[in-house]
Amino acid sequence: MPTTRPGSSSPWSPVLLLLSLLLAAGVQARAPIQLAQDPTLSPDGKTLVFSWRGDLWVVPSTGGVARQLTQHPGRDTAPSFSPDGRQLAFLSDREPGPQIYLMPAAGGVPERLTAHSEGYSLEGWYPDGTGLLVNAERDYSHYARSGQRFFRVPVTGQAGEQPLFDDYGRTGDLAPD
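Quick caveat, the model's predicted, so the values are computed rather than measured. (Residues numbered from 1 in each chain as written. Predicted model: local features only at pLDDT ≥ 70, side-chain atom pairs only at ≥ 80, totals over all residues. Heavy atoms only, no water.)

A word on the packing of aromatic side chains. Considering all chains together, one arrives at two aromatic pairs under this definition. Their ring planes at 70° and their centres at 5.4 Å tell us that W52 and W57 sit as a pair that is edge-to-face. Each member of the pair, W52 as well as W57, carries the same accessibility label: buried. Seen in terms of ring centroids, F90 and Y101 are 5.7 Å apart; in terms of plane orientation they differ by 20°. Their pairing is stacked. Of the two residues, F90 is situated in strand β6 (residues 87–92) and Y101 in strand β7 (residues 99–104); the sequence distance between them amounts to eleven residues. (Phe/Tyr/Trp six-rings, centres within 6.5 Å; stacked < 30°, edge-to-face > 60°. Buried < 20%, exposed > 50% of the residue type's maximum accessible area, 1.4 Å probe, protein only. Helix = DSSP H or I, 4+ residues; strand = E, 2+ residues; numbered from the N terminus.)

This part is about the sheet that holds strand β5 (residues 76–81). One open sheet accounts for four strands, arranged β5-β6-β7-β8; its pairing is antiparallel. The open sheet terminates on both sides in strands that have one partner only, identified here as β5 and β8 (111–112). Two strands pair when backbone bridges link them, and β5 and β6 are joined in this way by four bridges, in the antiparallel orientation. Bridging across to β6, S80 finds its partner in A89. (Pairing = 2+ DSSP bridges.)

Turning our attention to the pattern of salt bridges. Once their charged atoms are close, side chains differing in charge can pair, the charge on each being opposite to the other. Throughout the structure, instances matching the rule amount to two salt bridges. Notably, a salt bridge pairs D76 with R94, separated by 2.8 Å at the nearest N-O pair. You can see D76 sitting in strand β5 and its partner R94 sitting in the loop between β6 and β7, a full 18 residues away along the chain. On the basis of relative accessible area, D76 is assigned to the buried category, the value being 0%. Two residues, D84 and R86, come together in a salt bridge whose shortest N-O distance is 3.4 Å. Its relative accessible area of 47% is what places D84 among the partly exposed residues. In this structure R86 comes out as exposed when scored by relative accessible area, which is 63%. (Salt bridge = Lys/Arg side-chain N within 4 Å of Asp/Glu carboxyl O.)

On to the pairing of strand β9 (residues 121–125). Looking along a regular strand, one sees the side chains alternate between the two faces of the sheet. Pairing of β9 with strand β10 (residues 131–137) involves four bridges; the strand directions are antiparallel. When the sheet's bridge partners are listed, S121 is paired in β10 with N135. In sequence, β9 turns back onto β10 through a hairpin of five residues, with G129 there showing a positive phi of about 80°.

Let us look at the confidence of the model for the chain. Of all residues in the chain, 74% attain a pLDDT of 70 or more, and the chain-wide mean is 80. Counting contacts from residues 1–5, a segment whose pLDDT is below 50, to residues more than four positions away or on other chains yields two contacts. Low confidence marks residues 12–28, where pLDDT is under 50. Its contacts with residues over four positions away, or in another chain, come to one contact. (pLDDT = per-residue confidence, 0-100. Contact = heavy atoms within 4.5 Å.)

Counting 13 residues, the largest nonpolar core has A89, I100, L122, W125, L132 and V134 as its most contacted members. Counting residues per element, this core draws most heavily on β10, at three residues. Not counting residues within four places of it along the chain, the set of residues in contact with L132 comprises A89, I100, L113, L122, G124, W125, Y126, F151, R152, V153 and V155. Counting residues in each nonpolar core, the second largest holds ten residues, with V49, V58, L88 and Y101 among its members. (Core = buried A, V, L, I, M, F, W, Y, C linked by side-chain atoms within 4.5 Å.)

A word on the environment of G74. Considering the arrangement of structural elements, one finds G74 in the loop between β4 (67–68) and β5. In sequence terms G74 and G54 are 20 residues apart; their C-alpha atoms lie 6.8 Å from each other. Leave out the neighbours within four places in its chain, and G74 touches G54, D93 and R94.

Right, here's the structure in full:
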């Protein structure tokens, strides 16, 4: 019978480690979803997307089993459906500062839309689906005045952020017209 020295590992150690990791992953995949955040309903009302444990998940609004849309060590939050329901914008800290990403609502590879070290907050979509309303800190702020401003970020092309007006603001929304 083979023996091992004290402090040395068995030839079965890597196999046992891999098996325990796979079992732990399977248990986590079947864990009930509790304390989901940032729920958003698709424009047709049939689909719900939410953030849970740093990733985005999708489930029929009538209930059922949730399916994971994103899987990344970064934290994905604040999902928002495009007006036609085909795209999903969200925030992620995959890069320095929360950046805005875009992906197909059915799932797929997210594409980063922004790249500013101070990051963004996502307010919503323009009604025509061509851009996103975002809020970002771009000026020095002090106790009397916030440095947050509103910008438009196009979802196609390389135009970058476009300031909406020369003043400060914190939260906003766009009228349908």
